[in-house]
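Listed below, chain by chain, are the residues.
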Amino acid sequence: MHKKVEPKFGVITVSTSRYKALCLGEEVRDESGTFLRNELKAKCYTIVPDNREMIKGAIDFFIDKFKVNCIVLTGGTGLEREDVTIETLKEMFEKELEGFKIIFQLLSYEEVGFRTILSRATAGIYRKTLIYSLPGSLNACKLGAKIIKEESSHILGHVVKE
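Notes on the structure in this doc start here. (Residues numbered from 1 in each chain as written. Predicted model: local features only at pLDDT ≥ 70, side-chain atom pairs only at ≥ 80, totals over all residues. Heavy atoms only, no water.)

**Considerations on the packing of helix α2 (residues 31-39) against helix α6 (residues 138-159)**
Where α2 contacts α6, the two axes come as close as 9 Å, and the packing angle between them is 20°. As summarised for this structure, α2 and α6 are arranged roughly parallel, according to the angle between their axes. In the crossing of α2 with α6, the sense of the turn from one axis to the other is right-handed. Counted together, Glu31, Ser32, Phe35, Leu36 and Glu39 of α2 and Leu138, Cys141, Lys142, Ala145 and Lys149 of α6 form the full contact between these two elements. Its residues placed into classes, the contact of α2 with α6 shows five nonpolar, one polar and four charged. (Axes fitted to C-alpha atoms, helices over the stretch in contact; angles between N-to-C directions. Helix = DSSP H or I, 4+ residues; strand = E, 2+ residues; numbered from the N terminus. Parallel < 35°, antiparallel > 145°, perpendicular 65-115°, else oblique. Left-handed = near helix turned anticlockwise from the far one by under 90°. Contact = heavy atoms within 4.5 Å. Nonpolar A, V, L, I, M, F, W, Y, C, P; charged D, E, K, R; others polar.)

Set out below in structure tokens:
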């Protein structure tokens, strides 16, 4: 029997345009990241561009400095050449949770029909940390948050052995 482990969340928005605006000191509107940060009561939050090294660096920083055990990324999951979130995570994952993508797509199908095939949502384990990646749309984040809130504690119980 695995015990439940309380998730300590970090949220990362992957968006080059929002990151550039942030660097220029402009006001940044990040509905999805803000929703996830509030809904999951995240300990930390940041915006990074569509850049493999910066995505990995933000994840490692959150694990090392904020001691989070669950990170949710939003954005960078599309089909454009610069959308590299999924490719970056797949290189990092020690274990991939294929079931998350299946359930996410099944539930998405009920909302958006066949367009759900565009979803590249994923989840996996890296450094005893549960990582989810969701599309950047607010509706996708709302759907993902339901799954994440329901199952993360149970999944972490399998990952973290004390």
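That was the structure; now back to the text.
**A short note on the nonpolar core**
The biggest cluster of nonpolar side chains holds 27 residues, and the ones touching the most others in it are Leu36, Val72, Phe100, Phe104, Tyr132 and Leu134. Those elements giving two or more residues to this core turn out to be β1 (9-14), α2, β3 (70-74), α5 (98-112), β5 (122-126), β6 (129-134) and α6. Examining the composition of this core, we find that nine residues originate from one element, α6, more than from any other. (Core = buried A, V, L, I, M, F, W, Y, C linked by side-chain atoms within 4.5 Å. Buried < 20%, exposed > 50% of the residue type's maximum accessible area, 1.4 Å probe, protein only.)

**Focus: the pairing of β5**
Counting buried positions along β5 yields five of five residues, so the element is predominantly enclosed. Here β5 shows a buried face lined by Thr122, Gly124 and Tyr126 and a second buried face lined by Ala123 and Ile125. Sheet topology places β5 next to β6; five bridges connect them, and they run antiparallel. What sits directly across from Gly124, in β6, is Ile131. Linking β5 back to β6 in an antiparallel pair, the connection comprises two residues, with Arg127 at a positive phi of about 50°. (Pairing = 2+ DSSP bridges.)

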